[in-house]
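Chain by chain, the residues run as shown.
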Amino acid sequence: MPGVKWGHVEELFSPAFWKFQARNFRLMSSSQDFRLGENLLEEVAVCLLGGFGMPAELGLGAFERLKAHGKLSGEATSKEIEELLSEPFDYFGQPRRYRFIRQKARYLSESLQLLCGYQIPNDHLACRDLLTSLPGIGPKTASWIVRNHFGSDKVAILDIHILRAGAKLGIFEAGVDPTKNYFALEKSFLAFCSAIEEPASAVDAVIWDSMRRIKASRSLLH
């Protein structure tokens, strides 16, 4: 890619580094199953409950609680979901409350109810377009659902970790706003994955995990 230097495997944030990490991820994983839910309704729930600054562990905890109470079939009211989310969660041994409970409960209840009445397309991009029509689901969340459910390499989950890594690589501008040009940024990310000859699903996953771990050492990010 013009302006992007290959670098070395041991050089953090270089294309060579991410190529090596993605290749190892593929070779060491027994399967490339990204699903967090058992069906599309559950995948919508777990992705909608996560994201937007929500710690992954807290989002998963909320999902597991609603699933255990049978509230992910598309029949639960927003009030029922809200009541379950209102109880504190165990977050690494400390009680922590879920944020934006009323809003998320309404989004989840309405989205699952609507989804039950739709014919879900098998085409990954068409499915994403459908999902973005649901309450509270934008391009990033819809892409996350599609990546997980289908194992798709046609989409990218452009969260803060991917954006930071992309800026270090030189494929994104620093501080770029994905809410304004999500699909243009996604095109650049997919082009990068193609250039290093690794599936976008794997590259997305390893960048997210690595950047989340590296975040503890802020000197590496600035």
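Residues numbered from 1 in each chain as written. Predicted model: local features only at pLDDT ≥ 70, side-chain atom pairs only at ≥ 80, totals over all residues. Heavy atoms only, no water.

1. Here's the deal with the pattern of salt bridges
Oppositely charged side chains are able to pair whenever their charged atoms sit close together. Threshold: Here, a salt bridge means any Lys or Arg side-chain nitrogen found within 4 Å of an Asp or Glu carboxyl oxygen. Numbering of helices and strands runs from the N terminus, with a helix taken as a DSSP run of H or I at least four residues long and a strand as a DSSP run of E at least two residues long. Think of it in three bands: residues with accessible area under 20% of the maximum for their type are buried, residues over 50% are exposed, and the middle band is partly exposed, with areas taken using a 1.4 Å probe on protein chains only.
Applying the stated criterion across every chain, the model contains 10 salt bridges. Note that arginine 212 is salt-bridged to glutamate 57, the shortest N-O span being 3.3 Å. Pair noted here: arginine 212 is in helix α10 (residues 200–214) and glutamate 57 is in helix α3 (residues 56–68), with a separation of 155 residues, a long-range link. Overall, the relative accessible area of 34% leaves arginine 212 in the partly exposed class. In this structure, glutamate 186 engages arginine 128 in a salt bridge whose closest nitrogen and oxygen atoms are separated by 2.5 Å. Here arginine 128 lies in helix α6 (residues 124–131) and glutamate 186 lies in helix α9 (residues 178–195), a separation of 58 residues in the sequence. Note on glutamate 186: relative accessible area 5%, which makes it buried.

2. Here's the deal with the nonpolar core
To be explicit about the condition: In this description, a nonpolar core means a group of buried Ala, Val, Leu, Ile, Met, Phe, Trp, Tyr and Cys residues linked to one another through side-chain atoms lying within 4.5 Å. Two residues form a contact once any of their heavy atoms are found within 4.5 Å.
With 36 residues, the main nonpolar core has Leu85, Tyr98, Leu108 and Leu131 as its most contacted residues. For this core, the secondary-structure elements that each account for two or more residues are α2 (40–49), α3, α4 (78–86), α5 (101–116), α6 and α7 (139–150). No other element matches α2, which puts 8 residues into this core. Other than its neighbours up to four places away in sequence, leucine 131 contacts Val44, Leu115, Ile137, Ala142, Ile145 and Val146. Formed by 25 residues, the second largest nonpolar core is a distinct cluster that contains Trp18, Ala156, Tyr182 and Ile196.

3. Description of the side chain of threonine 141
Within the secondary structure, threonine 141 is located in helix α7. When near neighbours in sequence (up to four residues on either side) are disregarded, threonine 141 contacts Cys47, Leu48 and Phe52.

4. Details of α6
Quick note on the threshold: The arc in question is the one traced by the directions running from the helix axis out to the C-beta atoms. N or O atoms within 3.5 Å of each other form a polar contact, as long as, within protein, one can give a hydrogen and the other can take it, and as long as residues adjacent in sequence are counted only when both atoms are side-chain atoms.
Every buried residue of α6 is listed here: His124, Cys127, Arg128, Leu130 and Leu131. With its buried residues spanning 160° around the axis, α6 presents them on a single face. Looking at the packing, one finds that the buried side of α6 touches α2, α5, α7 and α9. For α6, the N-terminal cap is aspartate 123; the gap from its side-chain oxygen to the backbone nitrogen of leucine 125 is 3.2 Å.

5. As for the packing of α2 against α3
How we decide: Each axis is a line fitted through C-alpha atoms, taken for helices only over the stretch in contact, and angles between the N-to-C directions span 0 to 180 degrees. Put simply, angles under 35 degrees are roughly parallel, angles over 145 are roughly antiparallel, angles from 65 to 115 are roughly perpendicular, and the rest are oblique. Whether a crossing is left-handed or right-handed is set by the direction in which the near helix is turned from the far one by less than a right angle, anticlockwise for left-handed and clockwise for right-handed. Basically, the charged four are Asp, Glu, Lys and Arg, the nonpolar ten are Ala, Val, Leu, Ile, Met, Phe, Trp, Tyr, Cys and Pro, and anything else, Gly included, counts as polar.
Axis separation between α2 and α3 bottoms out at 8 Å; the angle between their running directions is 140°. One way to sum up the angle between α2 and α3 is to call them oblique. In this structure, α2 meets α3 at a crossing whose hand is right-handed. In this structure, α2 uses Glu42, Ala45, Val46 and Leu49 to contact α3, whose residues at the interface are Gly59, Leu60, Ala62, Phe63, Leu66 and Lys67. Taken together, the residues of the contact of α2 with α3 break down into 7 nonpolar, 1 polar and 2 charged.

6. Some remarks on the state of the cysteines
What counts, and what does not: The disulfide criterion is simple: two cysteine sulfur atoms within 2.5 Å.
Enumeration over the complete set of coordinates arrives at 0 disulfides. A disulfide-free cysteine, cysteine 127 has its sulfur positioned 11 Å from the sulfur of cysteine 47, the nearest such atom. We note that cysteine 193 lacks a disulfide partner, and the nearest cysteine sulfur, in cysteine 47, lies 18 Å from it.

7. Concerning α4
Within the span of α4, buried status applies to Ile81, Glu82, Leu84 and Leu85. What you see down the axis of α4 is that its buried residues fit within an arc of 165°, all on one side.

8. Here's the deal with the environment of isoleucine 157
Here isoleucine 157 shows up in the loop between α7 and α8 (160–169). Judged by its relative accessible area of 9%, isoleucine 157 falls in the buried class. Counting along the chain gives 114 residues from isoleucine 157 to glutamate 43, while the straight-line C-alpha distance between them is 14 Å. Contacts of isoleucine 157, omitting those with residues within four sequence positions, involve Lys140, Ser143, Trp144, Arg147, Ile162, Tyr182 and Asp204.

9. Regarding the packing of α3 against α4
Between α3 and α4, the shortest axis-to-axis distance is 10 Å and the interhelical angle comes to 125°. Between α3 and α4, the angle is such that the two are oblique. For the pair α3 and α4, the sense of crossing is right-handed. Contacts from Ala62, Arg65 and Leu66 in α3 reach Ile81, Leu84 and Leu85 in α4. Residues belonging to the contact of α3 with α4 are distributed by class as follows: 5 nonpolar, no polar and 1 charged.

Honestly, that's just the spatial picture; any functional story needs more than this.
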